[in-house]
Amino acid sequence: AAAAAAADGAVAPSLRAPASLATEYVTLQGLAAGDEVSISYVPLDVMVAPRRARLRDEYGFECVCERCAVELEGDEGDEGDEGDE
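What this report covers is the structure whose coordinates are included nearby. Small disclaimer: the values here were computed from a predicted structure and weren't measured.

**Digging into the overall build of the protein chain**
Within the protein chain, the secondary structure is distributed over 2 helices and 4 strands. Reading the protein chain from its N terminus to its C terminus gives the helix and strand order β-β-β-β-α-α. Residue burial in the protein chain is summarised as follows: out of 85 residues, 19% are buried. Relative to all contacts within the protein chain whose residues are 6 or more apart in sequence, the contacts with residues 24 or more apart total 41%.

**Let's talk about the packing of aromatic side chains**
Aromatic ring pairs are described here by two measures, namely the spacing of the ring centres and the angle between the planes. A complete count under the given rule lists 2 aromatic pairs for this structure. Ring geometry for Y41 against Y59: centres 4.7 Å apart, planes inclined by 35°, an arrangement best described as tilted. Here the residue Y41 occupies a position in the loop between β4 (38–39) and α1 (48–59), and Y59 occupies one in helix α1, the gap between them amounting to 18 residues. For Y41, a relative accessible area of 34% corresponds to the partly exposed category. Residues Y41 and F61 carry aromatic rings whose centres are separated by 5.9 Å and whose planes lie at 65° to one another, so their mutual orientation is edge-to-face. Here Y41, found in the loop between β4 and α1, pairs with F61, found in the loop between α1 and α2 (66–79); they are 20 residues apart in sequence, far enough to count as distant. In textbook terms, an aromatic cluster arises when at least three aromatic residues are bridged by ring pairs, as seen for Y41, Y59 and F61.

What counts as what
Residues numbered from 1 in each chain as written. Predicted model: local features only at pLDDT ≥ 70, side-chain atom pairs only at ≥ 80, totals over all residues. Heavy atoms only, no water. Helix = DSSP H or I, 4+ residues; strand = E, 2+ residues; numbered from the N terminus. Buried < 20%, exposed > 50% of the residue type's maximum accessible area, 1.4 Å probe, protein only. Contact = heavy atoms within 4.5 Å. Phe/Tyr/Trp six-rings, centres within 6.5 Å; stacked < 30°, edge-to-face > 60°.

Given below as structure tokens:
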């Protein structure tokens, strides 16, 4: 069993923490030996801007994970679409 202290943070985690403070975790996707193990610091349904603000304000880092990058790119593309209807 992997130790929780060895898990990295991600907003597209490979594990979800249990409801209690137990040390048992449940995988959200298939993991092979050597795969990175990650947990999310925020609920998975939080949108990218408030999610990144919370991570910056409460945990002191700018998230640069793949999920944030993809969602930020999508948000930037949406800005130019205003008024085109």
